[in-house]
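Take a look at the letters that make up each chain.
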Amino acid sequence: MSQRLPFNSLQKAIYTRLTDAGAGIDTDVYDQVPETVTPPYCEIGEISVSLEIEKISEAMAMIHVFSMDAGNKEANDIMENIIESLTSSALSLDESFSQAQCRIDAADIFKEYHADGLLNRHGTLRFRFLINDDA
């Protein structure tokens, strides 16, 4: 029996959920951020998968949030909306995968100082998904 990786299916489902008008995300969502974009925005980051047992994978997905507000509030609010959106119900995966579980694994927010004197707030969210291979 062969094993399949749910990378494309999971990334597409995360993007679809976060860009849905009802998701409550009040900022743009990117897979690859254009150079001309300024915060606030969020970016779907790294995804890693470990094949736990025959038909179940554990996936970790990072979401990065960027804000130029002076405080943490804007980034915090965006992060809370993302958490609510991704954990409120199972994602619709394709390629005969289904989500068994999703939970927030870690969240961080920190300051990023740039050479041009700008300061960004950079939040990271790490989600843990259990994914069934239904094929």
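### Considerations on the overall build of the chain
Helix and strand counts for the chain come out as two helices and five strands. Its helices and strands in sequence order give the chain the pattern α-β-β-β-α-β-β, from N to C terminus. For a compact globule of 135 residues, the expected C-alpha radius of gyration is about 14 Å, and the chain comes in at 16 Å, within 12% of that figure. Over its C-alpha atoms, taken along the principal directions, the chain stretches across nearly 55 × 30 × 25 Å. Once local pairs closer than 6 in sequence are excluded, the contacts in the chain between residues at least 24 apart make up 62%.

### Describing a nonpolar patch on the surface
Among the surface-exposed residues, Leu5, Phe7 and Leu51 lie close enough to one another that they form a single nonpolar patch of about 240 Å² accessible area. Of note, Leu51 is situated in strand 2 (residues 41-53).

### A short note on the pattern of salt bridges
According to the stated counting rule, one finds six salt bridges in the structure shown. One salt bridge connects Arg128 with Asp105, and the closest N-O pair in it is separated by 2.9 Å. Separated by 23 residues along the polypeptide, Arg128 in strand 5 (residues 119-133) and Asp105 in strand 4 (residues 97-113) bring together distant segments of the chain. Note on Asp105: relative accessible area 23%, which makes it partly exposed. Sharing partners across several salt bridges, the network here consists of Glu58, Arg103, Asp105, Arg126 and Arg128.

### As for the pairing of strand 4
The two faces of the sheet receive side chains in turn, since in a regular strand these alternate between them. In the sheet, strand 4 pairs with strand 5 via 15 bridges, with the strands oriented antiparallel. Bridge assignment links Gln101 to a residue of strand 5, and that residue is Leu130. Between strand 4 and strand 5, which pair antiparallel one after the other, the connecting turn spans five residues, and Gly117 there sits at a positive phi close to 90°.

### A few points about the environment of Pro39
Turning to its location among the elements, Pro39 is positioned in the loop between strand 1 (28-30) and strand 2. The buried category is assigned to Pro39, whose relative accessible area is 16%. Considering only alpha carbons, one finds Pro39 and Asp69, 30 residues apart in sequence, at a separation of 8.8 Å.

### Brief notes about the packing of aromatic side chains
Taken as a whole and judged by the stated rule, the model has three aromatic pairs. Summarising the aromatic geometry, the rings of Tyr30 and Tyr41 are spaced 5.9 Å apart at their centres and angled 80° between planes, so their arrangement reads as edge-to-face. On the criterion of sequence distance, the pair formed by Tyr30 in strand 1 and Tyr41 in strand 2 is long-range, its members being eleven residues apart. Comparing Tyr30 with Tyr41 shows no difference in burial state: the two are buried. Taking the centre distance of 5.1 Å and the plane angle of 35° together, the rings of Tyr41 and Phe66 count as tilted.

Definitions and cut-offs
- Residues numbered from 1 in each chain as written.
- Predicted model: local features only at pLDDT ≥ 70, side-chain atom pairs only at ≥ 80, totals over all residues.
- Heavy atoms only, no water.
- Helix = DSSP H or I, 4+ residues; strand = E, 2+ residues; numbered from the N terminus.
- Rg over C-alpha atoms; globule rule 2.2 N^0.38 Å.
- Contact = heavy atoms within 4.5 Å.
- Patch = residues over 30% accessible without salt bridge, like charges linked within 9 Å, V, L, I, M, F, W, Y side chains within 5 Å.
- Areas by Shrake-Rupley, 256 points an atom, 1.4 Å probe, with all protein chains shown as cover.
- Salt bridge = Lys/Arg side-chain N within 4 Å of Asp/Glu carboxyl O.
- Buried < 20%, exposed > 50% of the residue type's maximum accessible area, 1.4 Å probe, protein only.
- Pairing = 2+ DSSP bridges.
- Phe/Tyr/Trp six-rings, centres within 6.5 Å; stacked < 30°, edge-to-face > 60°.

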